[in-house]
Amino acid sequence: MSEVEVKKTQESLQDRLAQVVELLQRQRVVEDLTHRQEGPHHDRVENLVHRQNLVELQRKLDDLHSADVAYILEALPLDDRLTLWQLVKADRDGDILLEVSDSVRETLIADMDDHELLAAAKDMDADELADLASELPRDVVHELMETLDGQQRERVRSALSYDEEQVGALMDFEMVTIREDVSLEVVLRYLRRLKELPGHTDKLFVVDYDGVLKGVLPIKRLLVNDPDKQVADVMASDPVSFHPDEDAYDAAQAFERYDLISAPVVDKNGKLIGRLTIDEMVDLIREESENEVLNMAGLREEEDIFASVWKSLRNRWSWLAVNLVTAFVASRVIGLFEGSIEKLVALAALMPIVAGIGGNSGNQTITMIVRAMALDQVSTGNTSRLMRKELAVGLINGLVWGGVIGVVAYLLYGSWSLGVVMTAAMTLNLLLAALAGVLIPMTLARMGRDPAMGASVMITAMTDSGGFFIFLGLATIFLL
């Protein structure tokens, strides 16, 4: 899809959202007016108007893809969201539940009874059921498992046995397998008998009679080769494959690196047990990116923007408490130099510049390091070189921009010594920012924590306190 088409689609979705919001507002206004009116036909008029609005809303929803409905639900306050959710056709509930974010899905599931949940989940594939099972009531999961046949039940249990960050939790069980000792013509006849191919089928999996993976037959090779050729002569015998206990994010990186659409998942004996598809990998990469952004800000989990005040407080309070402590430490650092600030008021005006530039520089370094760690580009062999490089960048930036602000300080206050102190403080604080920007994420990783978790909060705390101490300390020694 071209950039222009993507933009048009997004604009169309925004228009649909605006239309839905307008209909919801209109419904509230009309209902309010009819409530105020008296008359023998009051109830009939109110019911008719209410039904007309709901019909128009439902028509809008029916025209939208499940992912677009999910987007609209996420963009609505809770009351409007639940009103709209009641209008979604029952046979679309499952698809939409899989598309919405975890926090919004929780609110939708809470509004459904057991019968509705069972109806929504009955047509899901095993991997989709496993993805949803952790958020369903225990009795609903138990009843749902009872309705599955033996193969489906075993597949769901298999997917649930893996951690959500492992390949096994994301693999799809719907795939087409063939033998290597048949002709391409036989394969084509076999495919024509199928009602449809599983989604994202760009290759067929070649297995032996024990189910061991022997290779893959890309669809494009099947179509362009002589139908009389054997599968063994055309297939790729060394496909990229994964094990179910591998890290899912590593698999997502492999999908990006090798431009994969699907890939086989095999057990330790080489037996084919499932496949990974590009849609799951794209979702995983998006979720990882979103989590990284949230973690940088110290947020523990994805937050529904229309969540209750209490839920939002629980998600945000911990790092705000850390911020409060670090801000208090910074204020105490300033307090150590109250006498100096009283004698030279210019220090109070200039010290936020040193701290602010240091924080920005440190955040740049941390962003680069966290990204490199996510891509496995940082190892014990290149850590020292990386440290030297970041310190060199900090030194040069400090001398250049410290020199600029030093000249500005001289022009403003007529003191060369103040300009020199400003340059030195800026340089030292940027060196501190570079050092902390490398060490903070690496230390978090060694502790088994997400290297992005609260990193921006910590770097800001260090550069604020350090910047104040360096600048005011140098000013006290050399100016006063």
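Residues numbered from 1 in each chain as written. Predicted model: local features only at pLDDT ≥ 70, side-chain atom pairs only at ≥ 80, totals over all residues. Heavy atoms only, no water.

Topic: the overall build of the chain
Move 1: For the chain, the helix and strand inventory stands at 21 helices and 5 strands.
Move 2: Its C-alpha atoms give the chain principal-axis dimensions of about 90 × 80 × 45 Å.
Move 3: Sorting the 480 residues of the chain into buried and exposed places 40% on the buried side.
Move 4: Contacts in the chain between residues far apart in sequence, at least 24 positions, make up 67% of those at least 6 positions apart.
Move 5: Accessible surface for the chain amounts to roughly 26800 Å². Of this, 55% is attributable to carbon and sulfur atoms.
Move 6: The average position of the 46 basic charges and that of the 78 acidic charges among the side chains of the chain differ by 3 Å. (Helix = DSSP H or I, 4+ residues; strand = E, 2+ residues; numbered from the N terminus. Buried < 20%, exposed > 50% of the residue type's maximum accessible area, 1.4 Å probe, protein only. Contact = heavy atoms within 4.5 Å. Areas by Shrake-Rupley, 256 points an atom, 1.4 Å probe, with all protein chains shown as cover. Lys, Arg positive; Asp, Glu negative; His and termini not counted. Charge placed at Lys NZ, Arg CZ, Asp CG, Glu CD.)

Digging into the nonpolar core
The nonpolar side chains of a soluble globular protein tend to be buried with one another.
Move 1: By size, the foremost hydrophobic cluster in this structure holds 57 residues, and its most contacted members are Leu-84, Trp-85, Ile-96, Phe-242 and Leu-276.
Move 2: For this core, the element with the most residues is helix α14 (residues 248-258), which contributes 5 residues.
Move 3: Built from parts of two domains, this core gets at least three residues from each of domain 1 (13-169) and domain 2 (177-297).
Move 4: With 24 residues, the next largest nonpolar core counts Met-422, Leu-430, Phe-468 and Leu-474 among its residues. (Core = buried A, V, L, I, M, F, W, Y, C linked by side-chain atoms within 4.5 Å. Domains from an automatic or database assignment.)

With respect to the domain arrangement of the chain
Move 1: Domains assigned within the chain are domain 1 (13-169), domain 2 (177-297) and domain 3 (309-479).
Move 2: Around 600 Å² of area is buried between domain 1 and domain 2 when both sides are counted, 57% of it from carbon and sulfur atoms.
Move 3: Counting every contact that joins domain 1 to domain 2 gives 0 salt bridges.
Move 4: Inspection of the region where domain 1 meets domain 2 yields 5 residue pairs in polar contact (both at pLDDT 80 or more).
Move 5: A breakdown of the residues in the side of domain 1 that touches domain 2 according to their chemical character gives 2 nonpolar, 2 polar and 2 charged. (Buried area = accessible area lost by both parts, 1.4 Å probe. Salt bridge = Lys/Arg side-chain N within 4 Å of Asp/Glu carboxyl O. Polar contact = N/O pair within 3.5 Å; in protein donor to acceptor, adjacent residues only side chain to side chain. Nonpolar A, V, L, I, M, F, W, Y, C, P; charged D, E, K, R; others polar.)

Points about a nonpolar patch on the surface
Move 1: Together, Leu-395, Ile-396, Leu-399, Val-400, Trp-401, Val-404, Val-408, Leu-412 and Tyr-413 make up an exposed nonpolar region whose accessible area comes to about 850 Å².
Move 2: Counting through the fold element by element, Trp-401 comes out in helix α19 (residues 383-413). (Patch = residues over 30% accessible without salt bridge, like charges linked within 9 Å, V, L, I, M, F, W, Y side chains within 5 Å.)

A short note on the UniProt feature "domain: CBS" (unreviewed entry) in the chain
Move 1: According to UniProt, the "domain: CBS" (unreviewed entry) feature falls on residues 171-234 and 235-293.
Move 2: Secondary structure over residues 171-234 splits into 31% helix and 20% strand, and the C-alpha atoms at its two ends are 26 Å apart.
Move 3: Along residues 235-293 one finds 46% helix and 19% strand; the C-alpha atoms at either end are 42 Å apart. (UniProt positions renumbered as here; feature names shortened; annotations may be inferred.)

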